[in-house]
Amino acid sequence: MKVGVLGIGITQFGEIWNKGLRELLLESQLAALNDAKLSPNQIDAIYTGNMASGSLSGQLHLGAMAAENLNLDKPSIRVEGACASGGLAIRQAVHAIESGQVDIAMVNGIEKMTDVDTGQVTTALMGAGDEEIEGFNGLTFPGLYALMANSYMNKFPNLTRDILAEVAVKNHFHGVRNSYCQFKKEITIDTVKNATMVANPLTLFDCSPITDGSATIILANEKVSKEMKTDVFITGSGLANDTLSLSRRKSLTEIPAGKKAAEIAYKQAGVTADKINFAEVHDCFTIAEIMATEALGFAKFGEAYKLYSNKETYFDGKIPINTSGGLKACGHPVGATGLKQAIEATMQLRGEAKDRQVKNAEVGVTHNVGGSGATAVVHVFRKVR
Amino acid sequence: MAGIIGFGAYVPKYRIKAETIAEVQNANANAIKSGLGLTEKSVPGKDEDTVTISTMAARNALARSKINKKEIGAVYIGSESHPYAVKPSSGIVAESLDIGNNYMAVDTEFACKAGSATIQINAGLVDSKMIKYGLSIGADTSQAEPGNALEYSAAAGGAAFVIGNNSESVATIDYTVSFTSDTPDFWRRAMQPYPSHAGRFTGDPAYFKHVTSATKLILEKSNMKIDEFDHVIFHMPNGKFPERVGKKFGVTKEQLEVGLVVKRIGNTYSGSSLLGLAAVLDKAKSNQKILVTSYGSGSGSDSFILTTTKKIEEVQNLAKTVDDYIERKEYVSYAKYLKHMEEIH
């Protein structure tokens with residue numbers, strides 16, 4: 001499989017109070033068109049990943065909005081899979097291109113989250129869990145991931161509180177080097193440990209923030225991609241699902257859907273974990289990055305702590321993880337996260353990542369998770385000359 | 001133009017420490033204190049409200065003005081906590097001051113700048129010769145929902161100013177401007193007991209934008225530079241915001257410190273910038289330049305440039321000072337605080 005990345009566009013991530021849903025979306029759409037040197041009418045189809053615009057902005061029907069923004073009447077749909085909405089939207093576009101029905105597709109991811117209070121956002125995000133079993137009984141996402149963190153740290157005590165904090169420390173280190181990142185400030189292990197407790201053992205600095213942002217990529221089939229002279233391609237796409245509720249999961253110490261999606265994507269791309277140069281993973285909470293690192297095969301289950309205690313996940317380390325700053329520092333505008341991961345992968349492969357550039361980056365992987373692991377999408381990106 | 005003939009303040013004697021609130025909120029008191037730049041706040045007594053605070057402040061202002069109080073032609077009180085939704089605080093206060101019945105009166109509301117706006121109104125009435133003297137008051141017993149971040153700063157206090165002709169004034173009002181927009185950073189809807197706020201949105205697009213814009217405007221209008229002022233007062237929602245806006249304009253610590261009362265009593269809302277002004281007038285020498293910029297959520301800022309006259313030092317001892325009230329204090333427990341705030345009975 002070879003689907004080329006023709007263009008990328010992203011807004012500033014953060015509390016973007018002076019721009020609404022439509023304006024943010026338009027900004028990343030135009031930036032991607034400009035980057036690809038395409039006009040809107042060259043787009044055959046639009047896919048827009050978004051989780052919660054209905055409850056957070058009172059606005060659904062984003063497919064129509066994305067087409068209207070470009071004055072197009074082409075096929076345009078919204079794709080929803082909780083926090084994996086962006087990755088799923090990319091996968092829908094990949095399928096459409098691979099089927100031959102679409103030559104060039106635009107994929108957007110957007111979330112406008114800071115216009116409502118934290119309680120409303122927490123409630124809206126809980127829609128990614130099982131409302132009947134979890135939400136109704138008072139569980140929130142920090143609570144779910146805290147249960148997973150406690151289970152993991154009991155089973156694998158080598159993952160200490162300090163090493164878990166290193167995930168956030170490293171992501172903030174990368175975030176400082178990324179211009180569109182929400183938090184451009186380095187932190188220490190003490191910053192994480194001494195922060196306000198959210199759900200034991202997760203403090204405020206173990207949790208990704210509430211963020212506004214929009215991101216767009218433009219994908220094309222191999223023929224168009226070669227004509228447009230792009231050398232960044234998606235060569236593998238994997239999707240796997242699991243139970244909506246954490247209580248029905250077989251294990252609390254891993255996210256099996258991530259592992260399965262990675263196996264599918266790696267097989268399609270013809271790669272193995274040891275050939276991958278960098279990864280953008282779904283660190284909605286620090287423990288989620290530990291589990292992602294293992295799901296993607298960079299460490300055996302229970303042994304990711306070694307990579308973090310040896311600082312091997314920095315941009316110049318053995319396996320750089322979340323050079324964008326991850327969800328923790330770059331921000332987590334839910335529907336946009338999967339697209340931001342794809343943009344970071346593209347920037348790394350193009351050699352445009354400046355102060356966080358991974359040397360000799362040839363193959364990268366993106367890992368986007370919905371809920372507590374009910375949906376996982378993995379894509380393999382490769383530089384093809 | 002008009003000027004300030006007399007000024008007075010009042011701050012209730014009760015205080016609650018940030019530590020006491022932090023203990024109940026299960027928060028880190030040191031982080032709160034350094035984050036907000038304040039250590040404690042004033043708490044109204046059980047029988048104190050905007051009317052009683054306004055009355056006390058106005059009595060002090062009248063004592064310093066030495067005028068025939070029957071010549072007051074207007075009484076305006078700005079507050080977010082008028083005791084009645086319908087029934088004017090201004091009428092009750094004027095009656096208790098025994099100024100007769102020949103005065104205009106109305107209560108104003110514009111979040112924390114409702115009091116400073118009444119100085120502009122009275123200055124206009126004096127300049128147009130509709131009145132000889134006007135009484136401008138800003139006072140609050142501000143509300144904060146138990147458990148909310150506002151609880152650390154929402155305080156009680158007020159200041160009053162007799163506005164009249166420049167020739168009699170202790171401080172002339174040389175310039176005043178306002179900067180206003182529709183910016184929903186903080187609000188309390190009708191029938192709701194506590195205000196709502198939009199977190200960090202209350203900062204850059206709200207407080208800082210309006211305070212900075214009004215201050216820039218008055219500096220341009222007056223053709224003055226910030227280092228020409230002896231004292232500078234910016235509205236004080238906490239101890240940090242006025243320092244940050246001051247830094248932007250190059251205001252020194254010395255220019256800010258006399259009026260920076262928030263660190264010791266919290267944010268007295270409509271009383272805040274006016275208590276800062278009263279504290280400065282308590283200590284100012286003659287011919288000193290004062291810059292004041294208030295801020296009211298919603299949002300707007302009123303900016304004033306004043307110059308003290310030779311009369312200032314003659315009146316400073318005629319009533320209790322802001323410092324007198326700040327230093328007179330009695331700490332209360334969290335339970336007593338709730339009782340004083342009528343959260344429990």
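Right, let's walk through the structure included here.

Analysis parameters
Residues numbered from 1 in each chain as written. Chains lettered and ligands numbered in written order. Predicted model: local features only at pLDDT ≥ 70, side-chain atom pairs only at ≥ 80, totals over all residues. Heavy atoms only, no water. Helix = DSSP H or I, 4+ residues; strand = E, 2+ residues; numbered from the N terminus. Rg over C-alpha atoms; globule rule 2.2 N^0.38 Å. Buried < 20%, exposed > 50% of the residue type's maximum accessible area, 1.4 Å probe, protein only. Contact = heavy atoms within 4.5 Å. Pairing = 2+ DSSP bridges. Axes fitted to C-alpha atoms, helices over the stretch in contact; angles between N-to-C directions. Phe/Tyr/Trp six-rings, centres within 6.5 Å; stacked < 30°, edge-to-face > 60°. Parallel < 35°, antiparallel > 145°, perpendicular 65-115°, else oblique. Left-handed = near helix turned anticlockwise from the far one by under 90°. Right-handed = clockwise from strand over helix to strand, strands pointing away. Salt bridge = Lys/Arg side-chain N within 4 Å of Asp/Glu carboxyl O. Nonpolar A, V, L, I, M, F, W, Y, C, P; charged D, E, K, R; others polar. Polar contact = N/O pair within 3.5 Å; in protein donor to acceptor, adjacent residues only side chain to side chain.

1. Let's talk about the overall build of chain B
Secondary structure assignment for chain B yields 13 helices and 14 strands. Relative to its length of 345 residues, chain B is compact, with a C-alpha radius of gyration of 18 Å against a globular reference of 20 Å. Expressed along its principal axes, the backbone C-alpha trace of chain B runs to roughly 55 × 45 × 35 Å. Taken over 345 residues, chain B has a buried fraction of 59%. Partitioning the contacts of chain B with sequence separation of at least 6, the portion at a separation of at least 24 is 80%.

2. Observations concerning the environment of Pro242 of chain B
All names here are of chain B. Considering the arrangement of structural elements, one finds Pro242 in helix α7 (residues 240-249). You can call Pro242 buried: its relative accessible area is 0%. Separated by twelve residues in the primary sequence, Pro242 and Glu254 place their C-alpha atoms 13 Å from one another. If we skip the residues at most four places from it in the chain, Pro242 touches Tyr207, Phe234, His235, Met236, Leu256 and Leu260.

3. A few points about the sheet that holds strand β2 (residues 45-49) of chain A
All names here are of chain A. Strand order across the open sheet formed by nine strands is β3-β2-β4-β7-β1-β8-β11-β10-β9, with mixed pairing between neighbours. Edge strands, defined here as strands with exactly one partner in the open sheet, are β3 (76-79) and β9 (278-280). The mean angle between the axes of side-by-side strands here comes to 25 degrees, regardless of whether they run parallel or antiparallel. Taken together, the eight bridges between strand β4 (residues 104-111) and strand β7 (residues 213-220) define a ladder with antiparallel strand orientation. Across the sheet, Val107 pairs through a bridge with Ile217, a residue of β7.

4. Topic: the side chain of Lys170 of chain A
Residue position: Lys170 of chain A is located in helix α7 (residues 161-175). We classify Lys170 of chain A as buried; its relative accessible area is 0%.

5. Considerations on the packing of aromatic side chains
Residue and element names in this part refer to chain A. One pass over the structure, following the stated rule, counts 15 aromatic pairs over all chains. Between Phe141 and Tyr145 the ring centres are 6.4 Å apart and the planes differ by 35 degrees, which places this aromatic pair in the tilted class. Of this pair, Phe141 and Tyr145 are both found in helix α6 (residues 141-155), four residues apart, which corresponds to roughly one turn of the helix. For Phe141, a relative accessible area of 10% translates into the label buried.

6. Observations regarding the packing of helix α3 (residues 50-65) of chain B against helix α4 (residues 89-97) of chain B
All names here are of chain B. Axis separation between α3 and α4 bottoms out at 9 Å; the angle between their running directions is 45 degrees. As judged from the angle between their axes, α3 and α4 are oblique. Along this stretch, α3 crosses α4, giving a crossing that reads as right-handed. The residues of α4 that touch α3, namely those facing Val51, Ser54, Thr55, Ala58, Arg59 and Leu62, are Ser89, Ile92, Val93, Ser96 and Leu97.

7. Brief notes about the sheet that holds strand β8 (residues 171-183) of chain B
Residues and elements named next belong to chain B. The strand order across the open sheet built from nine strands is β5-β4-β6-β7-β1-β8-β13-β12-β11, with neighbouring strands paired in mixed fashion. The two strands at the open ends of the sheet, each matched to only one other strand, are β5 (104-108) and β11 (231-234). Sheet twist, expressed as the average angle between the axes of neighbouring strands with direction ignored, equals 20 degrees. Across the sheet, α3 touches β1 (2-10), β4 (72-78), β6 (133-141) and β7 (156-165), and the angle it forms with β1 is around 130 degrees.

8. Focus: the pairing of β5 of chain B
Residue and element names in this part refer to chain B. One ladder, built from five bridges, connects β4 with β5; its direction is parallel. Among the inter-strand pairings, Val75 is bridged to a residue of β5, identified as Ala105. Taking the sense of rotation as the criterion, the β-α-β connection linking β4, α4 and β5 turns out right-handed.

9. Some thoughts on the pattern of salt bridges
All names here are of chain A. Under the counting rule described, the total for this entry stands at 33 salt bridges over all chains. Between Arg22 and Glu68 there is a salt bridge, with its nearest N and O atoms 3.3 Å apart. Of this pair, Arg22 sits in helix α1 (residues 21-36) while Glu68 sits in helix α3 (residues 62-69), placing them 46 residues apart in sequence. Classification of Arg22 by relative accessible area gives partly exposed; the value is 38%. The closest approach of N and O atoms between Glu263 and Lys259, which form a salt bridge, is 3.1 Å. One end of the pair, Glu263, and the other, Lys259, are both in helix α10 (residues 256-269), four residues apart, so they sit about a helical turn from each other. With a relative accessible area of 31%, Lys259 lands in the partly exposed category. Here the residues in one salt-bridge network are Lys2, Glu222 and Lys226, joined through shared partners.

10. Quick notes on unusual backbone geometry
Between Asn200 of chain A and the following residue, Pro201 of chain A, the backbone shows a cis peptide bond with an omega angle of 10 degrees. Relative to the assigned elements, Pro201 of chain A resides in the loop between β5 (197-199) and β6 (202-203). Cis rather than trans, the peptide bond between Gly298 of chain B and Ser299 of chain B has omega equal to 10 degrees. Here Ser299 of chain B shows up in strand β13 (residues 298-308). Phi is positive for Lys37 of chain A, which is not a glycine, with a value near 55 degrees. Among the structural elements, Lys37 of chain A can be located in the loop between α1 and β2. Residue classification places Lys37 of chain A among the exposed residues on the basis of a relative accessible area of 71%.

11. A closer look at the environment of Phe301 of chain A
Residues and elements named next belong to chain A. Considering the arrangement of structural elements, one finds Phe301 in the loop between α11 (286-295) and α12 (304-309). The partly exposed category is assigned to Phe301, whose relative accessible area is 32%. Sequence-distant contacts of Phe301, defined by excluding residues within four places in its chain, comprise Phe156, Glu254, Lys259, Glu294 and Ala295.

12. Quick look at the packing of α1 of chain A against α3 of chain A
Residue and element names in this part refer to chain A. At a minimum axis separation of 10 Å, α1 and α3 run at an interaxial angle of 55 degrees. With respect to each other, α1 and α3 are oriented oblique. Crossing geometry of α1 relative to α3 is assigned as right-handed. Across from Leu21, Arg22, Leu25, Leu26 and Gln29 in α1, the residues of α3 making contact are Leu62, Met65, Ala66, Glu68 and Asn69. For the contact of α1 with α3, the residue count by class is six nonpolar, two polar and two charged.

13. A short note on the environment of Arg188 of chain B
Residues and elements named next belong to chain B. For Arg188, the location among the structural elements is in the loop between β9 (186-187) and β10 (196-197). Residue classification places Arg188 among the partly exposed positions, given a relative accessible area of 37%. Apart from the residues within four sequence positions on either side, Arg188 is in contact with Glu80, Gln143, Pro193, Tyr194 and Pro195. One polar contact links the side chain of Arg188 to the main-chain carbonyl oxygen of Glu80, over a distance of 2.8 Å.

14. Quick look at α11 of chain A
Residue and element names in this part refer to chain A. With respect to burial, α11 is a largely interior element, ten of its ten residues being buried. All of the buried residues in α11 are Thr286, Ile287, Ala288, Glu289, Ile290, Met291, Ala292, Thr293, Glu294 and Ala295. Here the buried face of α11 lies against α6, α7, β6, α10, α12 and β10 (363-370). In the segment just after α11, Gly297 is the residue with positive phi, at about 85 degrees.

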